[in-house]
Amino acid sequence: MIVTPATFFFYLRTRKDPERANTTALLTLIVLIALMVSHTLTYHRWWLALGAVVIGAAMVLAIRNARWLLKWFAWLLAGSALAVAAIVSTPWVPQERINDAEEVYVFETSPGFLKVLGAHDRKFKILRTEDVRKREELAEH
């Protein structure tokens, strides 16, 4: 929610500056918007996009001169990515129930094998596909 409006303002400020790589900022902005739309449509968290708009509006009202944003933008982006990585503990794959008993996150489906992470004990296991009779996705989509 914070990085998307910051990237937008960074792109607006640097799009006509020949010394800055404005293509990277534009591509980053496109990817962030695509991720936000995908996350909103998948998990029905509409407040994420609304929060980004509110934060962007607050930036417009509070920051008339965004030179500090240009100076610290890379650090803000890297710090935000590291903070999210440190805070989020749930894997970014849907939780599944295997054989009506075990709740896992399936990370890879290889020919003959499933690589899974236990949802409760967080232990990595490799299951044979012939032992898996039923897979049920538990995530709310």
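Residues numbered from 1 in each chain as written. Predicted model: local features only at pLDDT ≥ 70, side-chain atom pairs only at ≥ 80, totals over all residues. Heavy atoms only, no water.

All right, on to the pattern of salt bridges then. Side chains that carry opposite charge are capable of pairing whenever their charged atoms lie near each other. What the rule picks out here adds up to 8 salt bridges. Its salt-bridge partner being E136, residue R97 comes within 3.6 Å of it at the nearest N-O pair. Here R97 is found in strand β1 (residues 95-98), whereas its partner E136 is found in strand β5 (residues 135-137), with 39 residues between them in sequence. Classification of R97 as partly exposed rests on a relative accessible area of 24%. With a shortest N-O distance of 3.4 Å, D131 and R128 are connected by a salt bridge. Residue classification places R128 among the partly exposed residues on the basis of a relative accessible area of 42%. When salt bridges with common partners are traced through the structure, they connect R97, E103 and E136 into a single cluster. (Salt bridge = Lys/Arg side-chain N within 4 Å of Asp/Glu carboxyl O. Helix = DSSP H or I, 4+ residues; strand = E, 2+ residues; numbered from the N terminus. Buried < 20%, exposed > 50% of the residue type's maximum accessible area, 1.4 Å probe, protein only.)

Our next topic: the sheet that holds strand β3 (residues 113-118). Strand order across the open sheet formed by 5 strands is β4-β3-β2-β1-β5, with antiparallel pairing between neighbours. Here the strands that pair on one side only, and so sit at the sheet edges, are β4 (124-128) and β5. In this sheet, adjacent strand axes meet at a mean angle of 45° when their direction is disregarded. For strand β2 (residues 102-110) and β3, the ladder comprises 6 bridges, and the chain directions are antiparallel. Considered in β3, the bridge of E108 is made with K115. (Pairing = 2+ DSSP bridges. Axes fitted to C-alpha atoms, helices over the stretch in contact; angles between N-to-C directions.)

Here we take up helix α1 (residues 3-14). Over its 12 residues, α1 runs 16 Å from end to end, which matches the ideal 16 Å to within 8%, given 1.5 Å per residue. Among the 12 residues that make up α1, 9 are buried, leaving the element largely enclosed by the rest of the structure. Of all the positions in α1, only V3, T4, P5, A6, T7, F9, F10, Y11 and T14 are classed as buried. (Expected span 1.5 Å × (residues − 1).)

A word on the confidence of the model for the protein. Looking at the protein as a whole, its pLDDT mean stands at 80, while 84% of the residues score no less than 70. Helix α4 (residues 67-87) is the least confidently modelled element of the protein, averaging 75 in pLDDT, while β4 averages 89, the highest of any element. (pLDDT = per-residue confidence, 0-100.)

The residue K123 is located in the loop between β3 and β4 in this model. Look at K123 and you get exposed, because its relative accessible area is 53%. Measuring from C-alpha to C-alpha, the distance between K123 and V104 comes to 9.4 Å, with 19 residues separating the pair along the chain. Leave out the neighbours within four places in its chain, and K123 touches V116, L117 and G118. (Contact = heavy atoms within 4.5 Å.)

Secondary-structure assignment places L50 in helix α3 (residues 47-62). Classification of L50 by relative accessible area gives partly exposed; the value is 47%. Linking L50 and M1, residues 49 residues apart in sequence, is a C-alpha distance of 8.6 Å.

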